[in-house]
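Per-entry structural report
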Amino acid sequence: MNVVEFRKVTKAFGRIVVLREVDLNIEAGEVVVLIGPSGSGKSTLLRCINALEQIDGGDLLVDGISVKAGRSQVRVIRQEAGMVFQQFNLFPQMTALENVAFGPRQVRGASKAEATTQAQALLAKVGLADRGHHYPSELSGGQQQRVAIARALAIKPKLMLFDEPTSALDPELRHEVLRVMQSLAEEGMTMIVVTHEMAFARKVGTRLIFMEDGRISVDGNPTTLLSNPENPRLREFLQHVH
Amino acid sequence: MDFDWTVIADALPALLNGARLTILIALAGLVGGLVVGFIAGLMRAYGNTPLSAIAFGYIELIRGTPIVVQVMFIYFALPVLAEVRVNPMTAAITAIVVNAGAYIAEIVRGAFLSVHKGLKEAGLALGLPMWKVLVYVIGPVAFRRMIPPLGNQFIVSLKDTSLFIVIGVGELTRQGQEIMAANFRAVEIWTAVAVLYLIMTGTLTLILRITEKRMRIL
Ligand SMILES: Nc1ncnc2c1ncn2[C@@H]1O[C@H](COP(=O)(O)OP(=O)(O)OP(=O)(O)O)[C@@H](O)[C@H]1O
Ligand SMILES: [Mg+2]
């Protein structure tokens, strides 16, 4: 079954149409890398999946549930689709450990001890076992983003959405985040990643999607597309990001 | 002229009684004002159009009229309009609740809306309902930002109680006025009254400073 299914999805902000009848199916285990020029609708496409943006036309199913199915179903979808933001968006009043334990306690009804044990394990997994008691303001950008990944993983999602997870980071901090994402992909997590990291797309991606003006204009294998981009606009785009 | 300390010593019990009432009115009024202010502020920030409009109307009505007029209305006009008798103390407390509530609503609204929207999205993205996002994610950050302006409002409201002299509540200023009318020792009495107000506002400032220091502003 498709984990994500776009059926002629349309989205507009006022009179600006951002997604134009997008059709897209994503299966379990796929690592989809989403690229495209600024303003082409990549973030919007991602944010429609967990209903941070509401679609205007068509339908969008996540794990078989429509994003239009109502509030409680939307919450179920959000628990199935973890999200990692460009700006990390950690809760500043909570320590790293509390950030990670928060979701399970609030939405999965986990006990404090249970959630803390799991959060500690997740922090270890992203290489931050010894940073649990630090506040976000006491962590580097790369560390904050890894905590954010652990926070999203804590609610045990079936799917992870990444919106430019390394764009706000200094180059030398990017690899630590990319490494965590790679190991996640290797464990079989279904992922949709908006990024300009072409090395990541080539090495980890199983599928590359190029968006232009609210449409998917190229969709295929990353290795093939990156070594021989036939679409002229994709070729031009790739020259700019390299 | 010579400053006669015995005047103050004689007046002090009555003045302290007045100060006690001042504190009582301010405290009860501000507790109620916080409740009203949080509700109205959240209605303004997150309510649908009718809820937001109601809160807006209330805030503008109160901010656009003097507190003396408000307390006169509650004490003298309300009984005529609705046939409810209110004693001066109730009228005074209600006036602070209603008045401070409007200003606190704006403080609450501003603080909640000043929180980066990424935090709200991160909370929602975990699958939390909006009310939990407000209580656990945005609220704690917003609350820290509210402390300085709330402190300011507390001090204003405490001093505003002196205006209730117009409905005869025996608060500090009224006590001073009555003693003065009997002994004509304006300098001693008004100095003592001013010092008592300073002690109250000073204590309040100190409490707020400590609270602020204890909480990291985020
Ligand atoms: N909340 C919003 N209100 C109005 N317009 C918006 C909103 N969010 C996005 N847009 C517009 O929608 C279009 C697509 O935005 P989107 O953020 O999806 O693009 P993007 O491909 O992610 O771009 P970037 O690479 O710059 O992040 C842009 O023209 C943007 O200005
Ligand atoms: Mg974007």
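Residues numbered from 1 in each chain as written. Chains lettered and ligands numbered in written order. Predicted model: local features only at pLDDT ≥ 70, side-chain atom pairs only at ≥ 80, totals over all residues. Heavy atoms only, no water.

**Section: the overall build of chain A**
On a plain count of helices and strands, chain A comes out with nine helices and ten strands. Along the longest, intermediate and shortest principal axes, the C-alpha atoms of chain A span 50 × 40 × 35 Å. Looking at the 242 residues of chain A, the share that counts as buried comes to 58%. Carbon and sulfur atoms form 47% of the exposed surface of chain A, whose accessible area is close to 10400 Å². Separation between the mean location of the 28 positive side-chain charges and that of the 27 negative ones in chain A comes to 4 Å. (Helix = DSSP H or I, 4+ residues; strand = E, 2+ residues; numbered from the N terminus. Buried < 20%, exposed > 50% of the residue type's maximum accessible area, 1.4 Å probe, protein only. Areas by Shrake-Rupley, 256 points an atom, 1.4 Å probe, with all protein chains shown as cover. Lys, Arg positive; Asp, Glu negative; His and termini not counted. Charge placed at Lys NZ, Arg CZ, Asp CG, Glu CD.)

**Some remarks on the sheet that holds strand 9 (residues 207–212) of chain A**
Either a parallel or an antiparallel arrangement is found when strands of a sheet pair, and the pairing is made through backbone hydrogen bonds. Residues and elements named next belong to chain A. If you trace the six strands from one edge of the open sheet to the other, you get 6-7-8-3-9-10, paired in mixed fashion. Each having just a single partner strand, strand 6 (81–84) and strand 10 (215–220) make up the two edges of the open sheet. With direction set aside, neighbouring strand axes in the sheet form an average angle of 20°. In the sheet, strand 3 (residues 31–35) pairs with strand 9 via four bridges, with the strands oriented parallel. (Pairing = 2+ DSSP bridges. Axes fitted to C-alpha atoms, helices over the stretch in contact; angles between N-to-C directions.)

**Some thoughts on the interface of chain B and chain A**
Taken together, the contact pairs 20 residues of chain B with 23 residues of chain A. For the pairing of chain B and chain A, the buried interface totals around 1800 Å² over both sides, and the portion due to carbon and sulfur atoms is 63%. Inspection of the region where chain B meets chain A yields one salt bridge. Joining chain B to chain A, the criterion identifies five residue pairs in polar contact (both at pLDDT 80 or more). Among the secondary structure elements, those contributing two or more residues to the side of chain B that touches chain A are helix 5 (117–125) and helix 6 (130–160) of chain B. At seven residues, helix 5 of chain B tops the list of elements feeding residues into the side of chain B that touches chain A. Split into classes, the residues belonging to the side of chain B that touches chain A amount to twelve nonpolar, four polar and four charged. (Contact = heavy atoms within 4.5 Å. Buried area = accessible area lost by both parts, 1.4 Å probe. Salt bridge = Lys/Arg side-chain N within 4 Å of Asp/Glu carboxyl O. Polar contact = N/O pair within 3.5 Å; in protein donor to acceptor, adjacent residues only side chain to side chain. Nonpolar A, V, L, I, M, F, W, Y, C, P; charged D, E, K, R; others polar.)

**What to know about the packing of helix 7 (residues 172–183) of chain B against helix 8 (residues 186–214) of chain B**
Residues and elements named next belong to chain B. The contact between helix 7 and helix 8 brings their axes to 9 Å, and the two run at 170°. As judged from the angle between their axes, helix 7 and helix 8 are roughly antiparallel. By crossing handedness, the relation of helix 7 to helix 8 is classed as right-handed. Within the contact between the two elements, helix 7 uses Leu172, Thr173, Gly176, Gln177, Ile179, Met180 and Asn183 and helix 8 uses Ala186, Ile189, Trp190, Val193, Leu196, Tyr197 and Met200. Here the residues of the contact of helix 7 with helix 8 are counted per class, giving ten nonpolar, four polar and no charged. (Parallel < 35°, antiparallel > 145°, perpendicular 65-115°, else oblique. Left-handed = near helix turned anticlockwise from the far one by under 90°.)

**Details of the site of ligand 1**
Residue and element names in this part refer to chain A. Surrounding ligand 1, one finds Phe13, Val18, Pro37, Ser38, Gly39, Ser40, Gly41, Lys42, Ser43, Thr44 and Glu164. In this structure, serine 40 approaches ligand 1 through a main-chain N or O atom, which is 3.2 Å from an oxygen atom. The separation between an oxygen atom of ligand 1 and a polar side-chain atom of lysine 42 is 2.7 Å. With three residues, the single largest contributor to the shell around ligand 1 is helix 1 (residues 42–49). (Near = heavy atom within 4 Å.)

**Considering the pairing of strand 9 of chain A**
Residue and element names in this part refer to chain A. Along strand 9, six of the six residues are buried, which leaves the element largely enclosed by surrounding structure. Residues Arg207, Ile209 and Met211 of strand 9 are buried on one face, and the alternating residues Leu208, Phe210 and Glu212, pointing to the opposite face, are buried as well. The sheet contact formed by strand 9 and strand 10 spans five bridges and is antiparallel. Along strand 10, the bridge assignment pairs phenylalanine 210 with valine 218.

**Examining the sheet that holds strand 2 (residues 16–27) of chain A**
Residues and elements named next belong to chain A. Read across the open sheet, the four strands follow the order 2-1-4-5; overall the sheet is antiparallel. Each end of this open sheet is capped by a strand with a single partner; those strands are strand 2 and strand 5 (65–66). In the sheet, strand 1 (residues 2–13) pairs with strand 2 via eight bridges, with the strands oriented antiparallel. By the bridge assignment for strand 2, valine 4 is matched with isoleucine 26.

**A closer look at the packing of aromatic side chains**
All names here are of chain A. One pass over the structure, following the stated rule, counts six aromatic pairs over all chains. A ring pair is formed by phenylalanine 91 and phenylalanine 102, whose centres lie 5.3 Å apart and whose planes are at 70°; its orientation type is edge-to-face. Pair noted here: phenylalanine 91 is in the loop between strand 6 and helix 3 (96–107) and phenylalanine 102 is in helix 3, with a separation of eleven residues, a long-range link. Each member of the pair, phenylalanine 91 as well as phenylalanine 102, is classed as buried. (Phe/Tyr/Trp six-rings, centres within 6.5 Å; stacked < 30°, edge-to-face > 60°.)

**Side note on the environment of valine 86 of chain B**
Examined against the element boundaries, valine 86 of chain B turns out to sit in the loop between helix 3 (67–82) and helix 4 (88–114). Excluding residues within four positions of it along the chain, valine 86 of chain B makes contact with Ile74, Tyr75 and Pro79 of chain B.

**Topic: helix 5 of chain B**
In terms of burial, helix 5 of chain B is a largely internal element, seven of the nine residues being buried. Every buried residue belonging to helix 5 of chain B is among Gly118, Leu119, Glu121, Ala122, Gly123, Leu124 and Ala125 of chain B, and all of these are buried. The inward-facing, buried residues of helix 5 of chain B abut helix 1, helix 2 (71–80), strand 6 and helix 5 (141–154) of chain A together with helix 6 of chain B. In the segment just after helix 5 of chain B, glycine 127 of chain B is the residue with positive phi, at about 95°.

Keep in mind these numbers describe shape, not what the thing actually does.
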